[in-house]
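# Notes for the structure review
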Amino acid sequence: MPKRDEGPLADRATYRAFHMVSTRWADNDQYGHINNAKFYEFVDSAVNAHLLIADALDESIGLVVDSGCRYASALKFPDVIEVGIKVDHIGTSSVRYGFAVFRRGVATPAAIGHFVHVYVDAETRRPKPLPEKLRAVVENLKAE
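For the structure given in this document, a descriptive report is provided here. (Residues numbered from 1 in each chain as written. Predicted model: local features only at pLDDT ≥ 70, side-chain atom pairs only at ≥ 80, totals over all residues. Heavy atoms only, no water.)

### Topic: unusual backbone geometry
A cis amide bond links phenylalanine 77 with the next residue in sequence, proline 78, at an omega value of 15 degrees. Of note, proline 78 is situated in the loop between strand 2 (60–71) and strand 3 (80–90). Within the chain, aspartate 55 stands out as a residue other than glycine whose phi angle is a positive 55 degrees. A residue is classified by how much of its surface remains accessible, and aspartate 55, at 51% relative accessible area, is exposed. Unusually for a residue other than glycine, arginine 125 sits at a positive phi of about 60 degrees. Its location among the elements puts arginine 125 in the loop between strand 5 (111–121) and helix 2 (132–140). Looking at arginine 125, the relative accessible area reads 48%, which means it is partly exposed. (Helix = DSSP H or I, 4+ residues; strand = E, 2+ residues; numbered from the N terminus. Buried < 20%, exposed > 50% of the residue type's maximum accessible area, 1.4 Å probe, protein only.)

As structure tokens, this is what we get:
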């Protein structure tokens, strides 16, 4: 990852889909900015909304097994944010998503990061190969 003085954290053009999120008053913490844990909620909602809209969720469940986030600037209510998502790697039963959280209309992200979903059977909770439809949707999110 680049150091903060080496330019932007991420190029907006590398993200394949964007989802808008309206912040809420309750998202601010006692320090007057959006708490870091809320960023994960925004990203989780953006990825799952993308998959739901594409009708790519079935009996599989995506469990987060790894995640990381680097914060560059604060956001606060009433900011409207855009979550950029892309796919960095597709495995047999897993997907590594990359994300960037932008204040609407701003080119530099407030945060960038990743998380890995391992898709499991809803009953057994054991990894299972990505369903064909889900694989097709995440292939379209693959970073170039």
